[in-house]
Amino acid sequence: MAEGAFFGAHTPLHPDHLWIWEKAVYVDENQRTWLPITIEIEGSLQVLMRQEDVPLGDPVSPSQLGPYLLPVMWQLYPGRRYRASDSSFWRIVYHIEIGGTEDMLLEQMPDPEDE
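Quick notes on the rules
Residues numbered from 1 in each chain as written. Predicted model: local features only at pLDDT ≥ 70, side-chain atom pairs only at ≥ 80, totals over all residues. Heavy atoms only, no water. UniProt positions renumbered as here; feature names shortened; annotations may be inferred. Helix = DSSP H or I, 4+ residues; strand = E, 2+ residues; numbered from the N terminus. Buried < 20%, exposed > 50% of the residue type's maximum accessible area, 1.4 Å probe, protein only. Contact = heavy atoms within 4.5 Å. pLDDT = per-residue confidence, 0-100. Phe/Tyr/Trp six-rings, centres within 6.5 Å; stacked < 30°, edge-to-face > 60°. Salt bridge = Lys/Arg side-chain N within 4 Å of Asp/Glu carboxyl O. Polar contact = N/O pair within 3.5 Å; in protein donor to acceptor, adjacent residues only side chain to side chain.

Looking at an unreviewed UniProt entry, the protein chain carries the name T-cell leukemia/lymphoma protein 1A, with the source organism given as Bos taurus. UniProt, in the comment section headed Sequence similarities (unreviewed entry), describes the protein chain in these words: "Belongs to the TCL1 family." You can read under Subunit (unreviewed entry) in the UniProt record for the protein chain the words "Homodimer. Interacts with AKT1, AKT2 and AKT3 (via PH domain). Interacts with PNPT1; the interaction has no effect on PNPT1 exonuclease activity."

Here we come to the environment of Ile20. Following the sequence through the fold, Ile20 ends up in strand 2 (residues 17–22). In this structure Ile20 comes out as buried when scored by relative accessible area, which is 10%. Sequence spacing of Ile20 and Val60 is 40 residues, and the spatial spacing of their C-alpha atoms is 8.0 Å. Among residues more than four places away in sequence, those in contact with Ile20 are Val25, Tyr26, Leu65, Tyr68 and Val72.

A few words now on the confidence of the model for the protein chain. Mean pLDDT over the protein chain works out to 89, with 88% of the residues at or above the 70 mark. By mean pLDDT, helix 1 (residues 3–7) is the weakest element of the protein chain at 48, and strand 7 (residues 81–84) is the strongest at 98. Low pLDDT, under 50, characterises residues 1–6; the stretch is placed with two contacts to residues that sit more than four places away or in other chains.

With that out of the way, let us pick up the packing of aromatic side chains. Going through the model one piece at a time under the given rule, you end up with three aromatic pairs. Ring plane angle 85° and centroid distance 5.5 Å describe the contact between Trp74 and Trp90, whose orientation is recorded as edge-to-face. Of this pair, Trp74 sits in strand 6 (residues 73–77) while Trp90 is found in strand 8 (residues 89–98), placing the two residues 16 residues apart along the sequence. Overall, Trp74 belongs to the buried group, its relative accessible area being 0%. A ring pair is formed by Tyr77 and Phe89, whose centres lie 5.6 Å apart and whose planes are at 80°; its orientation type is edge-to-face.

Side chains carrying opposite charge are able to pair once their charged atoms draw close together. Under the definition given, this model contains four salt bridges. Across the pair Asp103 and Arg50 runs a salt bridge, and its minimum N-O distance is 2.6 Å. Note that Asp103 is positioned in strand 9 (residues 101–108) and Arg50 in strand 5 (residues 44–51), a separation of 53 residues in sequence. The shortest N-O distance in the salt bridge between Arg91 and Glu107 comes to 2.9 Å.

Let's shift gears to the environment of Asp86. On the secondary structure map, Asp86 appears in the loop between strand 7 and strand 8. When its relative accessible area of 47% is taken as the criterion, Asp86 is described as partly exposed. Each C-alpha atom of the pair Asp86 and Trp74 lies 9.1 Å from the other, and the pair is twelve residues apart in sequence. Within polar-contact distance, the side chain of Asp86 engages the side chain of Ser88 at 2.5 Å.

Take a look at the structure:
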């Protein structure tokens, strides 16, 4: 028996898009809400996106957010990565669903010009 089946975990489909709705809430193309937890480790930026149903308030425009560490939109690209609205790329470290809760860890990839 596969480990994933034993523990009731599986890899769901990645959202095609994630748009900011309000500060700390993103919405995907299926109107599911995702809550980001930002992690900065030794110059590396990661974000844990947890799909959790939350009531949505009014959407905000990017200008209403003020300074915000995360991009306002991510679009799924080939190669297990997202391209953000600021043209940065984020690799999908993992995306798993356990007990009805999805977690997806994204890690910002180095800018090729900085290498």
